[in-house]
Amino acid sequence: MKKILRIFALALTVMLGLNACDVKKEPYIQGAEDERSILEFRVDSVYGTVDEDTKIVRLDFPAGTNVTHLTPTIIISNYATIEPESGVAQDFTNPVYYTVTAMSGATAQYMVEAVVHDADNEKNILSFRFDALDDSGVIDQIARTISFVLPAETDVTQLVPTIEVSEGATVEPASGVAQDFTNPVTYTVTALNGTTAVYTVTVVLEGGDVEPTGKTVLIKDFTGARCVNCPAAAEHAHNLQHQLDEDHIFIMSVHAGYLAQPMGSFPDFLTDEGTEWYNNNNSNPLFTVDHVALTEGNTLNETQIDAPVTAALEEEQTFEIVVGRQFDEASRQLQVSVQAVALVDFDGEFYITACLVEDHVIGWQTIPGGVDKEYDFRNVFRGTLNGAYGEAFEDLHVDANDTFYFNYSTEINAAYNADECYLMVYVYDKSQGDKILQTAVKKIK
């Protein structure tokens, strides 16, 4: 069985590239106008670790290094520019922020931090393994995550880890103490000087024995708090959910477009991803059903969703998605593990997108005849954990029981009610016009 480990916090695979160039002198590369990545960041012989997902670059220097005047050499995407520029000295006592601008004008901001190693301040997990299983975890020192993929029959409720930490540091829970890894487990490493670092250990099982739960359909409801017709459309969608299948239809409210722009006391639910999905439509309410629609602009109105939803529920389930999570209420850090298992053999270009949704948000909503100041907004889309279009994990073919693993981490906004927050994860096939194949929903707590 094919096993592919995809970890959100892993450093970007090293790519060759050139500094921003003169488009007139170099042949234009189709599709490069939006590229805006740091491909390489170094100071003399010290190469930074670039995490493209978190947009963090880490430089590790030996003890005694003066970081107040370092001159980096930076390689970025073709046609892009960067500010501050490559070759300009900076003070890295605190993180320095770099903005990469694509030819299209789109930007990406990176945080570059310099870490000077000090024995009294060292607090890393150097290795983490389960000796009884002869298996070592994959450690990401930037995101402080450790990931395992274990055989499906493994009992994860009493696993005993052997942990090696920095010299002089301690770890809690201690090495050699059995833990239940059904959900992610956090370990705190304390340095000699008393400072700490928290690692999250995630264990997922191979997916050959995952039981299908049935096809789940995702309705994206493009709406706005100042849209007078949107409440009735949302009610229609929820009534349809109740009539057809409560457990296998999920409705996500995506606030986008002119009528979602905040004004006065109306709430601001806009997101960059939602705006990108909206695709320049000029009216609300609009819907998609598993990304499949009947009208121009890839959207439907509420009277058009009944048949597509019914048809989608009857489709063969081709993927099963298993979501694990751990939420720390004090820090509001959310650690997520996802397992996507192919249930049949088929060809496609497969992507996965992980979303955060908040239910039962009370605020102003325009309704016929006025404003409802205590309107109950359902399943408000708050953003993604891996970008508007997620990440690709297979672009040719999957066999039944092929299993793919993903880890994500994020901090839940303090303004969100964590008791009403959900993870919503879907797999889609780009070769079928981004058709969603399966959706999974799980509360973060």
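Residues numbered from 1 in each chain as written. Predicted model: local features only at pLDDT ≥ 70, side-chain atom pairs only at ≥ 80, totals over all residues. Heavy atoms only, no water.

**Here we look at the sheet that holds strand 12 (residues 138–140)**
Now for step 1: In spatial order, the strands read 12-13-17-16-15; together these five strands make up an open sheet with mixed pairing. A single partner strand is all that each edge strand has here, and the edge strands are strand 12 and strand 15 (170–172). On average, adjacent strands in this sheet sit at an angle of 20 degrees to one another, irrespective of strand direction.
Now for step 2: As defined by bridge partners, strand 13 (residues 145–150) adjoins strand 17 (residues 196–205) across six bridges and the pair is classed as parallel. Residue pairing across strands places phenylalanine 148 opposite valine 203, the latter belonging to strand 17. (Pairing = 2+ DSSP bridges. Helix = DSSP H or I, 4+ residues; strand = E, 2+ residues; numbered from the N terminus. Axes fitted to C-alpha atoms, helices over the stretch in contact; angles between N-to-C directions.)

**Observations concerning the state of the cysteines**
Now for step 1: Counted under the stated rule, the structure contains one disulfide.
Now for step 2: Here cysteine 227 pairs with cysteine 230 through a disulfide, and the sulfurs are 2.2 Å apart. Here cysteine 227 and cysteine 230 share a disulfide; its torsion about the S-S bond, 90 degrees, makes the bridge right-handed. Across the pair, cysteine 230 and cysteine 227 agree in class, each one buried.
Now for step 3: The structure places no disulfide on cysteine 355, whose sulfur is separated from the nearest cysteine sulfur, that of cysteine 421, by 13 Å.
Now for step 4: A relative accessible area of 0% means that cysteine 355 is categorised as buried.
Now for step 5: Take cysteine 421: its relative accessible area is 0%, and that puts it in the buried class. (Disulfide = S-S within 2.5 Å. Buried < 20%, exposed > 50% of the residue type's maximum accessible area, 1.4 Å probe, protein only.)

**Observations regarding the confidence of the model for the chain**
Now for step 1: On average, residues of the chain score 87 in pLDDT, and 90% of them are at 70 or above.
Now for step 2: Here residues 1–27 scores under 50 on pLDDT; set against residues more than four positions off or in separate chains, the count is 79 contacts. (pLDDT = per-residue confidence, 0-100. Contact = heavy atoms within 4.5 Å.)

**Examining helix 1 (residues 230–244)**
Now for step 1: Here helix 1 is 15 residues long and its end C-alpha atoms lie 21 Å apart, about the 21 Å a rise of 1.5 Å per residue gives.
Now for step 2: Every buried residue belonging to helix 1 is among Cys230, Pro231, Ala233, Ala234, Ala237, His238, Leu240 and Gln241, and all of these are buried. (Expected span 1.5 Å × (residues − 1).)

**Overview of the nonpolar core**
Now for step 1: Counting 31 residues, the largest nonpolar core has Phe319 and Ile444 as its most contacted members.
Now for step 2: Elements with a contribution of two residues or more to this core: strand 21 (319–328), strand 22 (333–342), strand 24 (350–358), strand 30 (403–411), strand 31 (421–429) and strand 32 (435–443).
Now for step 3: If one sorts the elements of this core by residue count, strand 22 sits on top with five residues.
Now for step 4: If sequence neighbours within four positions are ignored, phenylalanine 319 has contacts with Ala340, Val341, Ala342, Leu343, Phe346, Phe350, Phe393, Val398, Val427, Leu437 and Gln438. (Core = buried A, V, L, I, M, F, W, Y, C linked by side-chain atoms within 4.5 Å.)

**Considerations on the packing of aromatic side chains**
Now for step 1: Scanning all chains against the criterion turns up 21 aromatic pairs.
Now for step 2: With centroids separated by 5.2 Å and ring planes inclined at 75 degrees, the aromatic side chains of phenylalanine 128 and tyrosine 187 adopt a geometry described as edge-to-face. Taken as a pair, phenylalanine 128 in strand 10 (residues 125–130) and tyrosine 187 in strand 16 (residues 185–190) lie far apart in primary sequence, 59 residues in all.
Now for step 3: Judged by relative accessible area, phenylalanine 128 falls into the buried class, the value being 1%.
Now for step 4: Of the residues examined, tyrosine 187 reaches a relative accessible area of 0% and is grouped as buried.
Now for step 5: One aromatic cluster in this structure is built from Phe319, Phe346, Phe350, Phe393, Phe404, Phe406 and Tyr408.
Now for step 6: Sitting over the ring of tryptophan 277, lysine 220 keeps its end group 3.3 Å from the ring centre.
Now for step 7: Against the face of tyrosine 258 rests arginine 226, its NZ or CZ located 4.9 Å from the ring centre. (Phe/Tyr/Trp six-rings, centres within 6.5 Å; stacked < 30°, edge-to-face > 60°. Lys NZ or Arg CZ within 6 Å of the ring centre and 35° of its normal.)

**So, the sheet that holds strand 11 (residues 135–136)**
Paired through backbone hydrogen bonds, the strands of a sheet run either parallel or antiparallel to each other.
Now for step 1: The strand order 11-10-14 describes an open sheet built from three strands, whose pairing is antiparallel. Edge strands, defined here as strands with exactly one partner in the open sheet, are strand 11 and strand 14 (162–165).
Now for step 2: Sheet topology places strand 10 next to strand 11; two bridges connect them, and they run antiparallel. From the neighbouring strand, arginine 129 faces strand 11, where its bridge partner is serine 136.

**A closer look at unusual backbone geometry**
Now for step 1: Following glutamate 83, the chain continues to proline 84 via a peptide bond in cis, the omega torsion being -5 degrees.
Now for step 2: Within the secondary structure, proline 84 sits in the loop between strand 7 (81–83) and strand 8 (96–101).
Now for step 3: Not every positive phi belongs to a glycine, and lysine 55 is a case in point at roughly 60 degrees.
Now for step 4: Position of lysine 55 among the secondary structure elements: in the loop between strand 4 (49–51) and strand 5 (56–61).

**With respect to the side chain of glutamate 273**
Now for step 1: Note on placement: glutamate 273 falls in helix 2 (residues 272–278).
Now for step 2: For the buried glutamate 273, no salt bridge is present, and the opposite-charge side chain at shortest range is lysine 220, 10 Å distant.
Now for step 3: For glutamate 273, the side chain forms a polar contact with the side chain of threonine 384, separated by 2.9 Å.
Now for step 4: Each residue touching glutamate 273, except ones within four places of it in the same chain, is listed here: Phe381, Gly383, Thr384, Gly387 and Ala388. (Lys, Arg positive; Asp, Glu negative; His and termini not counted. Salt bridge = Lys/Arg side-chain N within 4 Å of Asp/Glu carboxyl O. Polar contact = N/O pair within 3.5 Å; in protein donor to acceptor, adjacent residues only side chain to side chain.)

**A look at the layout of surface pockets**
Now for step 1: Looking at the second largest pocket, its volume works out to about 470 Å³.
Now for step 2: In terms of lining, the second largest pocket is formed by 16 residues, of which the most central are Asp53, Glu273, Thr384, Leu385 and Gly387.
Now for step 3: Contributing elements (two or more residues each) for the lining of the second largest pocket: helix 2, strand 27 (380–384) and strand 30.
Now for step 4: Looking at the lining of the second largest pocket residue by residue, the class counts come to three nonpolar, seven polar and six charged. (1 Å grid on protein atoms, 1.4 Å probe; cavity = no way out; pocket = protein on both sides within 12 Å on 5 of 7 lines; lining within 4 Å. Points joined across faces, edges and corners; volume = space filled by probe spheres on them. Nonpolar A, V, L, I, M, F, W, Y, C, P; charged D, E, K, R; others polar.)

**Considerations on the packing of helix 1 against helix 3 (residues 306–313)**
Now for step 1: In the contact formed by helix 1 and helix 3, the axes pass within 11 Å of each other and the chain directions differ by 35 degrees. Where helix 1 crosses over helix 3, the handedness of that crossing is right-handed. Taken together, the residues of helix 3 that come into contact with helix 1 (itself represented by His236, Leu240 and Leu244) are Asp306, Val309, Thr310 and Leu313.
Now for step 2: Across the contact of helix 1 with helix 3, the residue classes tally to four nonpolar, two polar and one charged. (Left-handed = near helix turned anticlockwise from the far one by under 90°.)

**Description of the pattern of salt bridges**
Now for step 1: Inspection of every chain in the model, using the stated rule, returns eleven salt bridges.
Now for step 2: Among the salt bridges present, the one from arginine 58 reaches aspartate 60, with a minimum N-O distance of 2.9 Å.
Now for step 3: Assessed through its relative accessible area of 12%, arginine 58 is described here as buried.
Now for step 4: In this structure, a network of salt bridges that share partners links the residues Arg129, Asp131 and Asp134.

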